[in-house]
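Geometric and topological summary
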Amino acid sequence: MPALPEVRLGEKLQELGKQLREGEPKVEQFREAYDELRKLNRRLQELLQWAVEQRRDEKELNNLYCQVAGWNASDLVEHLKRTGFRLKQDRVLKEAFDRQGYRILELVRAGKRDEAFHAILRIFVSAKREFPAHLVEAFKPVYSDTLFRVFLFSFLSGILGKEQESE
Amino acid sequence: MENSLLSREVPMSKITLYPSNWLYNAGVVGLLIVLEELGEQVEKFLIDDGSVHITITKDVDQIFDRWANLSPRSKKGTSLVYGWKDAYYANQTESSIKKRINVLIGGDTKGAKTRQSSPIFSCVFCTVKMKIKKSDATFLNQAFGNILLGSEKSFSNMYWNNSARDFVCPKCEFILMCHHIALTQLSDSSEIFINAPSFKVMYYLNKFAREAFGATSLAEARAKREILAMSVIEYATKIQTTLGVWTGMNIEVVSRREYWIDEKKHVKIEFFSLPYGVIQLLADRRIASLLSQIGEFSILNLVLNQDFSRLMELGYRLLRIGLKDTEWQESEEKFVNQNLRLDRNRKNPAKVAEQIFDLLALIEEKQKRRSTYEYASFA
Ligand SMILES: [Zn+2]
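Residues numbered from 1 in each chain as written. Chains lettered and ligands numbered in written order. Predicted model: local features only at pLDDT ≥ 70, side-chain atom pairs only at ≥ 80, totals over all residues. Heavy atoms only, no water.

Looking at the overall build of chain A
Within chain A, the regular secondary structure consists of 8 helices and 0 strands. Its helices and strands in sequence order give chain A the pattern α-α-α-α-α-α-α-α, from N to C terminus. Across the 167 residues in chain A, those meeting the buried criterion constitute 43%. Within chain A, contacts between residues at least 6 apart in sequence are counted, and of these 66% link residues at least 24 apart. By element, 53% of the accessible surface of chain A is carried by carbon and sulfur atoms, the whole surface being about 10200 Å². (Helix = DSSP H or I, 4+ residues; strand = E, 2+ residues; numbered from the N terminus. Buried < 20%, exposed > 50% of the residue type's maximum accessible area, 1.4 Å probe, protein only. Contact = heavy atoms within 4.5 Å. Areas by Shrake-Rupley, 256 points an atom, 1.4 Å probe, with all protein chains shown as cover.)

Pasting the structure below:
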């Protein structure tokens, strides 16, 4: 039976500690541990979301969910920027966003989440494209207004921008 | 060339020092600069717990010469810090200073007499207690920096303790006389020292401040809190061990400025600091490196003011302007030039906007994390 991810992570951390004491830290293994940790973090966030949906009136649970989600914010910003860059290759989507981009930017700036969501949703529906999962995440009410704006601006700058993705 | 077989054996002395008030701290940092200039590996002396473990392998003459060398001189070449009545360290001579160095590195304690009846004094800097005849004891006075302390009658506002009754133990005397070396002269002619609860933190913060803002550098005049912020950012991005626990304690800029009223010299000492939450943000390596990549003081200042809604608005407007296919209007051009001073940023405001959004996300993450830790520690 394969070990549970949290057991693997615990073992990995011990291994890293040993490496450090012996003076031979390996960067890939730190990276692996970090990826493992982020996966667990995501899973925790999903479980918490589920718990919050079951018990909406438990404030502490909700606070914890907000905190865990906040931890993953800069990750999501990165993903959204890349999603924007990727979708820019799609001519149909790119043209639709170029036409309506400024209006959507305004909606986001004004914090009108629902209207921004519907405007973007309409673009994907009429282009017969799937609504990206990361973008769904960005609209969840758990994120503060600041984060909502940061997410959407990052996505929009990816898809509206002139630059090609670096790296 | 040095011949190790023939060279005179210099006794090694080891001293451990702990942070105290800012004047003493500046003295220790000044001493470290003297030793570094003499070729000692000072960085190895700095301990993560905030103390410093100094090993001195140099003799009194070497230390004195370097100390004198690092100190300012008049146009005629005479020292401004010793050797005459109105020097910075008033009424001090080469031999009186050398005696102090000798005491510090483990020589005799200049023959101070103790008797059974002698009172006990406690050093205001290192807190060591000594039985010493009152006439042999040294008290804080203008010998330790006449400009800084003023005369015994007038320094009451210059220093925290309103009296010349502050006992200075023999080992601390030379340390205090190194404080001027740690001060960074700014282009507005004030002098600053960054004070913190750890010598390692102070050593590096002052080093970075000196390199970026010292009078000889071409940097334009900057507000004291910007200098502090930039130094913390440099620390967070360049030094392996993080600022960690020290961010919860006092990190401040001490500024000394001379001014003249009716041909009488006055000295003003001021303190500048940043709110706890701001230091926490700047000490975060990712936030620090993003801020230094952006390199714009307008953006740094919004972070220092914790004005994140204006930061968001700035990002929004730069993004809008940056996305335009058509030529910018005059007002847009003006907005960009007013807010961004670096050429690479002016050419690509959309990229700056993206960096601002990254920054805002990191700040939000950091604040959430902080509230979690605080919650956890009170639970
Ligand atoms: Zn002392």
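Thoughts on the coordination of the zinc ion
All names here are of chain B. Binding of the zinc ion to the protein goes through C123 (SG), C126 (SG), C169 (SG) and C172 (SG), at separations of 2.2 to 2.3 Å. Counting the intervening residues between successive donors of the zinc ion yields the motif C-x2-C-x42-C-x2-C. Here the residue C126 occupies a position in the loop between strand 3 (120-122) and strand 4 (129-131), and C172 occupies one in helix 5 (residues 170-176), the gap between them amounting to 46 residues. (Donors = N, O, S within 2.8 Å, 3.2 Å for Na, K, Ca; no water.)

Things to note about the environment of K98(B)
Residues and elements named next belong to chain B. The topology assignment puts K98 in helix 3 (residues 94-104). With 200 residues separating them in the primary sequence, K98 and S298 have C-alpha atoms 49 Å apart. If near-sequence neighbours (up to four positions away) are discounted, K98 is found in contact with V60, D61 and F64.

Overview of the interface of chain A and chain B
Opposite the 28 residues of chain A that make contact, chain B presents 25 residues. Each partner contributes to the roughly 2400 Å² buried at the junction of chain A and chain B, and carbon and sulfur atoms together form 58% of this total. Our count for the contact surface shared by chain A and chain B stands at 3 salt bridges. Between E313(B) and R109(A) there is a salt bridge, with the nearest N and O atoms lying 2.3 Å from each other. (Buried area = accessible area lost by both parts, 1.4 Å probe. Salt bridge = Lys/Arg side-chain N within 4 Å of Asp/Glu carboxyl O.)

A closer look at helix 6 (residues 113-126) of chain A
Residues and elements named next belong to chain A. With 14 residues, helix 6 should reach 20 Å at 1.5 Å per residue; the first-to-last C-alpha distance of 20 Å fits that figure. Among all positions of helix 6, only R113, A116, A119, I120, I123 and F124 are buried. One side of helix 6 holds all its buried residues, which, seen down the axis, span an arc of 140 degrees. Counted as exposed and oriented over 90 degrees from the buried face of helix 6: D114, R122, V125 and S126. Of the surrounding elements, those touching the buried residues of helix 6 are helix 4 (73-88), helix 5 (91-109), helix 7 (133-138) and helix 8 (145-160). Looking at the residues trailing helix 6, positive phi occurs at K128, about 55 degrees. (Expected span 1.5 Å × (residues − 1). Arc of directions from axis to C-beta.)

Some points on the confidence of the model for chain B
Residue and element names in this part refer to chain B. Per-residue pLDDT for chain B averages 85, and the proportion of residues at 70 or more is 85%. Of the regions scoring below 50 in pLDDT, residues 1-8 engages in 1 contact with residues more than four places distant in sequence or in other chains. Ignoring residues within four places in sequence, the model shows residues 150-162, a span with pLDDT below 50, making 26 contacts including any to other chains. Overall fold confidence for the complex sits at a pTM of 0.81, while the interface term, ipTM, reaches 0.76. (pLDDT = per-residue confidence, 0-100.)

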